[in-house]
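Spelled out, the chains give:
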Amino acid sequence: MRYKPLLIYLFISSIFLTLLGSIWKIMATLQGLKLTEINFNINFLLALLLSCTLIFIGKKINRLIKILVFSSIFTVVYILINENAPIWYNSGVFLISLFFTSRVKNYDLSYLKEDFISEKIIFDFLSLFAIVFFAFVILFPFYLMFVTSFKTQAALLFNPLDLSINFTNNIMEVFKSYFVIFKTYDFGRYIYTSSIVSIGTVIVTLIFAIPAAYAVARLNFFGKTFLSTSILVIYMFPAIVLVIPLYTVFSQLGLRNSIEGLLIVYTATTLPVAIYMLQGYFKSIPKEIEDAGLIDGQNWFGIIVKIIIPLSLPAIASVALYVFMIAWNEFLFSLMFLDNPKSFTLSRAINHLTGDAETPRQYLMAGSVVVTLPILLIFVYFEKYLVSGLTAGSVKG
Amino acid sequence: MTDTLSKIEKRTAYTLLLPAVFLVFAIVLFPIFANIWISFKEVQLKDIRIPEPRVKKIVKSVSEDKTKLKIVYRLRNSSLIEDINNVEFLDKLPKDIEPVNLDSRCTFKSKKIECDFGNWKAKYKENFEIVIRNINNDVIDKNIIKLQKPRLSGDADNILLTTKFTLKNFKQVFNENEFLDLLLTTFYFTFFGTVGAIIFGMFAAQLVNQKFYGRTFMRSILLFPYVGPVVALAYTWTLLLDPNSGTLNALLVNFDIIDKPINLLGQKYLTLNLLGFDIKLRLALTTVIMFEIWRYFPLAFLFILARLQAVPKDLYEAAEVDGAGPLRKFINITLPQITAILSILFMIRFIWNFNKFEDIFLLTGGASGTRTLPINVYQQGFAVSNIGMGSAVSIVIVMLLIIFMIIYFKLIGKRANEI
């Protein structure tokens, strides 16, 4: 009998089960359920008891029976010592205990005799806990943003914990915030402006970057090494040090409040990384293919259009998506350059909404959903391309 | 032959590069140098509008006489501070119409009224009147007169182009007794934000590098905070942390963890009692750092994961044969394999966090002890409206940045391209 692994197992598994229970309780509270006791200590003792029983029973009875019986017992006791709650909450408790017992079904006293078992147990539960932790911490703000857009200010002030959406309402009532931001706050126009600016930036950047990247990758010229190092150095200069001179010059040239002005700035600030990414890919294309093109009498334009671009579509897609993301999410320049609501981008429009303290928060969150959803959908759909773009471009951000 | 070929190659290269280089030069490099120029000038936000003479034309009837009209030109200098020199005026009249009482500053020649108004002081205003009449005593159509727009021109100094320089801005930047505090806040924010993001990124990468159900899903959502627009995320966090009706405070109060809501973004200090010592925690700054970590650990995760997946599997297998446990494997195999990438990440993220503006601006606006150098650029330039000061702070940032970059290239240099 080795006590150290046993104690570690008991402690860490009970902590894990109690934490899962607590997170479930928090989530339930956020659906408007009146629960005010976490009962961490008592629930920990209960979980400890369960872990203890499970490990001593080990493989003596059929696993399936073990899982079902003990999760049921645990759930019943849990319900008895905790506050009253509706059936859906208790079913959740049952599912959690089911998950837990099936997770530890292989643990028994002989298993605890293996080498490094304490470390393995810790790593096992730590990664399980990490999955729950990361998923919760990352998704919760997005969830809050989404849910708040369907609530009303009064309901939120009355009970900030009730995030449940009342679908029994008229559908117009549920989606009211979205109707309001499109009708009263003119968000349709901002979506249009943002799309034009982002897509325009992608196109202009590619038109400028592809020839330049080709020159850096393939041709020999004076100052080539200097240029390729300065690309990265330039990229590292942040927008905040450019903003004052650009603001003054743009004011005097009348380029503020114009889409063209934003396009120029976005293109210039993303060009270095676009060139950097593309030239790396162009270098990996075998030079023999181009030589064949040269013999066929193609000039550089023909080579770029007919050989280089078709062969490097994946890299171009990465660059395009990355540049699109940067332009869509950009805030500092749109804050500085746009002060006429007619030329706002989405980000600037949402910022403008907060300028008025009276703006109900559900409108703000509806606007946030409108600006977040497209970029997340694009990300999920084109994840492969965007991730390679992010990796290359993430010297900045 | 080869000589001409290489010449053609060179010419092609320059043609291909020119548009991109020109654009980057104009929008990125030029402002960095323009900052130096502006930082030595006393420029306010309101000065950057070039002063121009303005005119508004109003046409009035003169009593009953339809053959006469009075034109009032409201003239003014648009600038409140700058003079305009040699203001010249030009307006046209239709056929058969002539001015009656022309001002001595003006001449009427071939249907044109030309005036020389001389120099206008700042804020200058004048109502300049002309009565016109029809030679043939016909009725004058008001609208035709109205449609003709007068033109004004004048010379004014563009304050940005004068050669008056001053050291006042820099003196003010360094003499402000908050400068040290500013640097310290920036450093705290940068350092803890970077280290935190790398630590969390390392955990996440270690996690996703294992096999488990839902791994691809996990990998996707881990990047959400970085991919989402900063505006939306920052405002969501503000709502989440709001002391009055924010979810977090409501939860903590509900479960009796705290007595009353804490203003996580608006309170400068929180006094903690640890083992009998009172520790003053920079609360708002800590919250902002948390947001920073939350938003940027995905980048560290991405880099570290890519490196982890490249570690040869047989290293772990060999270690297992030698009887190493998970902890030993992590310390003796994984860590040495990722130290290079960790140091590169630290340098790059340090530089970038140092320049972070949007996140802090949207969360606190620089209040409650979260004012960093980039926030100061904005506040000096646009809240205090002192463009010169803003530029001077920008120059301080650029200087520090160049120092960081020299360190970066000395320490890491070419290795950055190998990852």
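All of these numbers come straight from a predicted model, not from anything done at the bench. (Residues numbered from 1 in each chain as written. Chains lettered and ligands numbered in written order. Predicted model: local features only at pLDDT ≥ 70, side-chain atom pairs only at ≥ 80, totals over all residues.)

1. Examining the overall build of chain B
Here is step 1 of the chain: A tally of helices and strands in chain B yields 14 helices and 10 strands.
Here is step 2 of the chain: Computed over C-alpha atoms, the radius of gyration of chain B comes to 34 Å, more than 25% over the 22 Å expected from 2.2 N^0.38 for 419 residues, which places it beyond the range of a compact globule.
Here is step 3 of the chain: Projected onto its principal axes, the C-alpha positions of chain B cover 115 × 85 × 45 Å.
Here is step 4 of the chain: The buried share of chain B, reckoned over its 419 residues, is 36%.
Here is step 5 of the chain: Sequence separation of at least 24 residues holds for 72% of the intrachain contacts in chain B that already meet a minimum separation of 6. (Helix = DSSP H or I, 4+ residues; strand = E, 2+ residues; numbered from the N terminus. Rg over C-alpha atoms; globule rule 2.2 N^0.38 Å. Buried ≥ 20, exposed ≤ 12 C-beta atoms within 10 Å, placed from the backbone. Contact = placed C-beta atoms within 7 Å.)

2. Here's the deal with the overall build of chain A
Here is step 1 of the chain: When helices and strands are tallied, chain A shows 19 helices and zero strands.
Here is step 2 of the chain: Relative to the globule expectation of 21 Å for 397 residues, the C-alpha radius of gyration of chain A, 29 Å, shows a markedly less compact shape.
Here is step 3 of the chain: Along the first, second and third principal axes, the C-alpha set of chain A runs to 80 × 55 × 35 Å.
Here is step 4 of the chain: Within chain A, buried positions represent 42% of all 397 residues.
Here is step 5 of the chain: Within chain A, residue pairs in contact and separated by at least 24 positions form 79% of the contacts whose partners lie at least 6 positions apart.

3. Let's talk about the domain arrangement of chain A
Here is step 1 of the chain: Taken as a whole, chain A is organised into domain 1 (3-148) and domain 2 (180-393).
Here is step 2 of the chain: Computed over C-alpha atoms only, the centres of domain 1 of chain A and domain 2 of chain A are separated by 46 Å. (Domains from an automatic or database assignment.)

4. Remarks on the nonpolar core
Here is step 1 of the chain: Membership of the largest hydrophobic core comes to 165 residues, with the highest contact counts inside it found for A209, A212, I275 and L278 of chain A together with A20, A300 and F301 of chain B.
Here is step 2 of the chain: With 17 residues, the single largest contributor to this core is helix 9 (residues 283-309) of chain B.
Here is step 3 of the chain: When sequence neighbours within four positions are dropped, the list of residues in contact with A212 of chain A reads I275 of chain A together with L16, L17 and A20 of chain B.
Here is step 4 of the chain: Counting 20 residues, the second-largest nonpolar core is a separate cluster that includes Y9, Y89, V93 and Y107 of chain A. (Core = buried A, V, L, I, M, F, W, Y, C linked by C-beta atoms within 7 Å.)

5. Examining the domain arrangement of chain B
Here is step 1 of the chain: Looking at chain B, the domain boundaries give domain 1 (51-155) and domain 2 (177-385).
Here is step 2 of the chain: Between domain 1 of chain B and domain 2 of chain B, the C-alpha centre-to-centre distance is 65 Å.

6. Remarks on the sheet that holds strand 5 (residues 106-109) of chain B
Backbone hydrogen bonds are what pair the strands of a sheet, in a parallel or an antiparallel way.
Residue and element names in this part refer to chain B.
Here is step 1 of the chain: An order of 5-6-3-8 is seen for the four strands of this open sheet, with the pairing classed as antiparallel. Strands with a single pairing partner mark the edges of an open sheet, and in this sheet they are strand 5 and strand 8 (151-155). Sheet twist, expressed as the average angle between the axes of neighbouring strands with direction ignored, equals 15°.
Here is step 2 of the chain: As paired strands, strand 3 (residues 84-92) and strand 6 (residues 112-120) are joined by seven bridges and run antiparallel to one another. Considered in strand 6, the bridge of F89 is made with C115. (Pairing = 2+ DSSP bridges. Axes fitted to C-alpha atoms, helices over the stretch in contact; angles between N-to-C directions.)

7. Structural notes on the environment of K268 of chain B
Residues and elements named next belong to chain B.
Here is step 1 of the chain: Within the secondary structure, K268 sits in the loop between helix 8 (247-254) and strand 9 (269-274).
Here is step 2 of the chain: Look at K268 and you get partly exposed, because 15 C-beta atoms sit within 10 Å.
Here is step 3 of the chain: Along the backbone, K268 and R219 are 49 residues apart, and their C-alpha atoms lie at a distance of 36 Å.

8. Brief notes about the interface of chain A and chain B
Here is step 1 of the chain: Facing 83 residues of chain A, the contacting portion of chain B comprises 78 residues.
Here is step 2 of the chain: Top element by residues in the side of chain A that touches chain B is helix 5 (residues 117-148) of chain A. It accounts for 15 residues.
Here is step 3 of the chain: Taken together, the residues that form the side of chain A that touches chain B break down as 58 nonpolar, 19 polar and six charged. (Nonpolar A, V, L, I, M, F, W, Y, C, P; charged D, E, K, R; others polar.)

9. A word on the packing of helix 3 (residues 63-81) of chain A against helix 4 (residues 87-103) of chain A
All names here are of chain A.
Here is step 1 of the chain: Where helix 3 meets helix 4, the closest approach of the two axes is 9 Å, and the angle between their N-to-C directions is 140°. As the angle between them shows, helix 3 and helix 4 are arranged oblique. When you trace helix 3 past helix 4, the crossing you get is right-handed. Two secondary-structure elements touch here, helix 3 through I67, F70, S71, F74, T75, Y78 and I79 and helix 4 through N90, V93, F94, S97, L98, T101 and S102.
Here is step 2 of the chain: Of the residues assigned to the contact of helix 3 with helix 4, the class counts are eight nonpolar, six polar and no charged. (Parallel < 35°, antiparallel > 145°, perpendicular 65-115°, else oblique. Left-handed = near helix turned anticlockwise from the far one by under 90°.)

10. Details of the pairing of strand 2 (residues 65-77) of chain B
All names here are of chain B.
Here is step 1 of the chain: Bridge count between strand 1 (residues 53-62) and strand 2: 10 bridges; the pairing is antiparallel. Within strand 2, the residue paired with K56 across the bridge is R74.
Here is step 2 of the chain: Counted along the chain from strand 1 to the antiparallel partner strand 2, the turn is two residues long, and its residue S63 has a positive phi close to 40°.
Here is step 3 of the chain: Pairing analysis gives nine bridges linking strand 2 to strand 7 (residues 125-134), with the strands arranged antiparallel. By the bridge assignment for strand 7, K70 is matched with V131.

11. Describing the pairing of strand 6 of chain B
All names here are of chain B.
Here is step 1 of the chain: Bridge count between strand 5 and strand 6: four bridges; the pairing is antiparallel. Counted as the bridge partner of C106 is C115 from strand 6.
Here is step 2 of the chain: Connecting strand 5 to the next strand, strand 6, in antiparallel fashion are two residues, including S110 with a positive phi near 35°.

12. Regarding the sheet that holds strand 7 of chain B
Residues and elements named next belong to chain B.
Here is step 1 of the chain: Strand order in the open sheet formed by four strands is 1-2-7-4, with antiparallel pairing between adjacent strands. Either end of the sheet is taken by a strand with one partner, and the two such strands are strand 1 and strand 4 (97-99). Strand-to-strand twist across the sheet, computed as the mean angle between neighbouring axes with direction ignored, equals 30°.

13. What about the packing of helix 17 (residues 346-355) of chain A against helix 7 (residues 230-241) of chain B?
Two quantities define a packed helix pair, namely the angle between the helix axes and the distance between the axes.
Here is step 1 of the chain: The geometry of helix 17 of chain A relative to helix 7 of chain B is characterised by a closest axis approach of 9 Å and an angle of 30° between their N-to-C directions. Relative to helix 7 of chain B, the element helix 17 of chain A lies roughly parallel. Here helix 17 of chain A contributes S347, I350, N351 and T354 of chain A to the contact with helix 7 of chain B, which in turn contributes V231, A232 and Y235 of chain B.
Here is step 2 of the chain: Looking at the contact of helix 17 of chain A with helix 7 of chain B, its residues break down into four nonpolar, three polar and no charged.

14. Description of unusual backbone geometry
Where the residue is not glycine, phi is negative for most of them; where a peptide bond is considered, it is trans in most cases.
Here is step 1 of the chain: Positioned with a positive phi, N257 of chain A is a non-glycine residue whose angle comes to about 60°.
Here is step 2 of the chain: Counting through the fold element by element, N257 of chain A comes out in the loop between helix 11 (239-253) and helix 12 (259-283).
Here is step 3 of the chain: Although it is not a glycine, N86 of chain B sits at a positive phi angle of roughly 50°.

15. Overview of the environment of I304 of chain B
Residue and element names in this part refer to chain B.
Here is step 1 of the chain: Within the secondary structure layout, I304 lies in helix 9.
Here is step 2 of the chain: Residue I304 is classed as buried on the basis of its C-beta count, with 25 C-beta atoms lying within 10 Å.
Here is step 3 of the chain: As for I304 and Q337, which are separated by 33 residues in sequence, their C-alpha atoms are 10.0 Å apart.

16. A short note on helix 13 (residues 373-383) of chain B
Here is step 1 of the chain: The buried fraction of helix 13 of chain B amounts to eight of the 11 residues, a majority that puts the element mostly inside the structure.
Here is step 2 of the chain: Buried residues of helix 13 of chain B: L373, P374, I375, N376, V377, Y378, Q380 and G381 of chain B, and no others.
Here is step 3 of the chain: Looking at the buried positions of helix 13 of chain B, the neighbouring elements they touch are helix 11 of chain A together with helix 4 (179-208), helix 12 (358-363) and helix 14 (387-411) of chain B.
Here is step 4 of the chain: At the C-terminal side of helix 13 of chain B, S385 of chain B shows a positive phi close to 65°.

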